[in-house]
Each structure stands twice: as C-alpha cells, then as structure tokens.
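Examining the three-dimensional arrangement
Letter by letter, the chains look like this.
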Amino acid sequence: MKKRIAILGSTGSIGTQTLEVVRENPDHFEVEVLTANNNIDLLIKQTKEFKPNTVVIADESKYDDLVHALEKLPVKVYAGNEAISQIVEMDTIDIVLTAMVGYSGLLPTINAIKSGKTIALANKETLVVAGEMIQKLAFHHKVSIYPVDSEHSAIFQCLVGEGQNAIEKIMLTASGGPFRGKNLQFLKSATKENALKHPNWEMGAKITIDSATMMNKGLEAIEAKWLFGLNPNQIEVVVHPQSIVHSAVMFEDGSIKAQMGLPNMKLPILYALSFPDRVKTEFPRFSFWDYPELTFEKPDLKSFRNLALAFEAMDKCGNMPCILNAANEIAVDAFLKDKIGFCEMTDIIEQSMQKIAYIKHPELDDLINTDKETREYSKTLIK
Ligand code: MN3
C-alpha cells in the first residue's frame, strides 16, 4: 500500500525535497494534496508531474491563474488559508507533512490532528507556539507526530525501542551557523548576504537567518521539550560545526545514543514518511576517513542572545514562546528587508517579551491574540 501524502508548503525548501523523496520512491508514496503560499509557477509544475487530487494556493489573488493553468488536468483547485486548514480533513490522506513557514502552520496542523491524520512535522513554530495544546490534542485523537527536523529525527531514532526507559538528557547539536566564533562587535555589523550563507545546510531564508542568530536552536529546544516530554534542564545545546552528529540522547545509566550521517534533509523527511521502516537510498554515505576530526563546543550565549531568550521563554512557558516566535518572525522579516541590523532582531524580541501581557495557561484564542498583539507591537519598534 502506498502512503498518500498531503504536503503543506510544497514549493519551499522542505516541500521540494519531500517531492524529490516521493519521485525517488514511487512504490512507497504518492501525492494527494499540494499547497503553496504564492509560488504558482512551481505549484503548476509540481501538479503536472505529481498529479495530486487537490491543490491549494494561499494567495487568493492567484486563484484564477492557477485554475486556468490546470484546467486540462483532473485536479481540484482551491485558494485561501481557510481552504488549507480544511483540506487536511480529506479521507484519502494518510500523512500530512507540514512544511509551511512560521505561525501559518498552526491551524492546519490542529485540524489535521483533529481529523486523525499522522503528522510529519517540519513546521517547528507550531510546537513552539502551542506545544502543550498540540500534544494534548494528539494524545486525545491518538495521532502520531513524527519529526522532520533533523535533530529531532535523530533523537526520535535514538528512542526507537527505548519506550520504557527514561531520558536523562538530550544533546541538541547546532552547526553554529555562518557566524560561529564571532563576537558581539562583529555581529552588530553583520550583513544579510553573509547571514544567508549557511555552511552546511541549504534551507529557506527565514530558517537560515534563524540559524545565524541561533534562534533556530532555541526554537528547536522548545520543539524538543514538547515532542519528547522534557524539562528545560534536560536539554543541552552543543555546537558541532561539521553537522555529522545530528543529536544524541543520554539515558539514566549514562549511556549515550547518537544518530549520525552526512547532512541531508531528505533522510529525516524519508524516515518521517516511512517510519517504522527504513527505505534503501542512494544518498552519499558518511565515512570516518573523510572526517578525522569531529569537534564540539559550548554555545556563546553572550553573543548569541536569541538562544538565551528562547531558553528564558521555555522556562516561563505559557504564551511566552508565542511572543518570542511572533517577535522573531517580524524581526527576521525586517532584517531581510534591510530595515534593521543583525543585533536589533534580539532587541525587538527582548522588548516584546517584556511588554506583551504574560498568560500562564493560554487557550487557543489567547495564543491567536498574543501572536497578533506581538506582531503589532514589534512592528512599532522598527523605524
Ligand atoms: Mn534543525
């Protein structure tokens, strides 16, 4: 039986790599739904190749062009975020892979869980914003959430067969990004062009900037807390510039399991889609002879203050990670548009965390309001 997949965010970096995985494994997977934000040219091309049952474009102004381009194909076409949230309920979907950018992944993921779909989670912001609610919903609807993020996939792989054994701590590895080893003075004048040059991973613009500020690792720590039921003090960030050890778990007897390999997002994507099976691949293989030295460092929390802010938000919990995330999305967007400098991103997040009202036990409506208020406030901090 082929697994039928809905890919939310099919034109982004994870979406296109997921389609490569499907193309390379036609006996295992088929595409049922594709959704995109506004890149209709690529969505049209993908629809012609993968022949999904349904496609959705979030940007409603592109609907007519999309319908026109696909009129000869037997595919249903919809537009708008509402349609993306609803489409995940289709009975012909086995797995929903959520690869949209940022907060926009939240509502479709909630609906997919409510309709009992297995989730391959590539949108870490969903768990950052609403981790507690998502885990409760998944438990209630008996839905499995398989991580696509490479570090979380690594931890997940280390935990296979360890169901009854407690975790002492996890070691979440970080490449350190393009500015590893740089001090605050350097970071103040860091440019967008340099921030976008990640040494090891090819990713979208938002996550690449998050890697440069190390906010990505902070968001991943919060993601790990909810995925694996950890306390913040059980999560250790380890800078590992070669990105070969994708993360590790220490158990209560002191034994450590790590998952390793060359950095390649297609592997964690494939594992999330094929779990519990492993599918044979032709991906390039790691050899110790090519890497005589693997190195590990402590993160520099004084220069990369975003990471410290993320741990603070994780400790405070409630709506604080939602505030952190919304302010970060506004800050990264402003940095990408050359409106603010590299370190001002941190200032905006810090001020938003101080300003926006803290709610200890937020409901979904509280989170939606917190997200909105934080975006409005943080925009006022950008001149
Ligand atoms: Mn990652």
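Here the residue numbers are simple positions, counted from 1 along each chain's written sequence. Where local features are concerned, this predicted model is filtered to residues with pLDDT of at least 70; where side-chain atom pairs are given and counted, the filter is 80 or more; whole-chain, interface and lining totals use all residues. Hydrogens and water molecules were not included; the side-chain quantities draw on all heavy atoms of the structure.

1. Here's the deal with the coordination of the manganese ion
Donor criterion used throughout: N, O or S atom within 2.8 Å of the metal, extended to 3.2 Å for Na, K and Ca. Water excluded; incomplete-looking sites may result. Donor atoms from the polypeptide that coordinate the manganese ion comprise D149 (OD), E151 (OE) and E220 (OE), at 2.1 to 2.2 Å from the metal. Read in sequence order, the donor residues for the manganese ion give the motif D-x1-E-x68-E. Taken as a pair, E151 in helix α7 (residues 150-159) and E220 in helix α11 (residues 215-228) lie far apart in primary sequence, 69 residues in all. Note on accessibility: E151 and E220 belong to one class, buried. We count a stretch as a helix when DSSP gives it H or I for four or more residues in a row; a strand needs E for two or more, and each element gets its number in order from the N terminus. Any residue under 20% of the maximum accessible area for its type is buried, any over 50% is exposed, and the rest in between are partly exposed; the area is computed with a 1.4 Å probe on protein chains only.

2. Brief notes about the side chain of T126
Mapped onto the elements of the fold, T126 is located in helix α6 (residues 124-140). Beyond its immediate stretch of four places on either side in the chain, T126 contacts G105, L106, T109, L121, G131 and I134. Throughout, a residue-residue contact means that at least one pair of heavy atoms, one from each residue, lies within 4.5 Å.

3. Thoughts on the domain arrangement of the protein
The accessible area lost on association of the parts is a frequent measure of interface size. Domain delimitation in this document rests on an assignment produced automatically or drawn from a domain database. Segmenting the protein into domains produces domain 1 (3-147), domain 2 (152-263 + 285-301) and domain 3 (317-383). Measuring from the centre of the C-alpha atoms in domain 2 to the corresponding centre in domain 3 gives 24 Å. Each partner contributes residues to the interface: domain 2 has 20 residues there, and domain 3 has 14 residues. For the pair domain 2 and domain 3, the summed buried surface comes to about 1,300 Å²; carbon and sulfur atoms form 79% of the total. Salt bridge, as used here: a side-chain nitrogen of Lys or Arg that lies within 4 Å of a carboxyl oxygen of Asp or Glu. Along the contact surface separating domain 2 from domain 3 lie one salt bridge. Residue D338 is joined to K192 by a salt bridge in which the shortest nitrogen-to-oxygen separation is 3.4 Å. Pairing of N or O atoms within 3.5 Å defines a polar contact, subject to two protein rules: one partner must be a possible hydrogen donor and the other a possible acceptor, and residues neighboring in sequence count only if both atoms are side-chain atoms. In this structure, the connection of domain 2 to domain 3 is made through three residue pairs in polar contact (both at pLDDT 80 or more). Buried area: the accessible area, evaluated with a 1.4 Å probe, that two parts lose upon being put together, summed over both parts.

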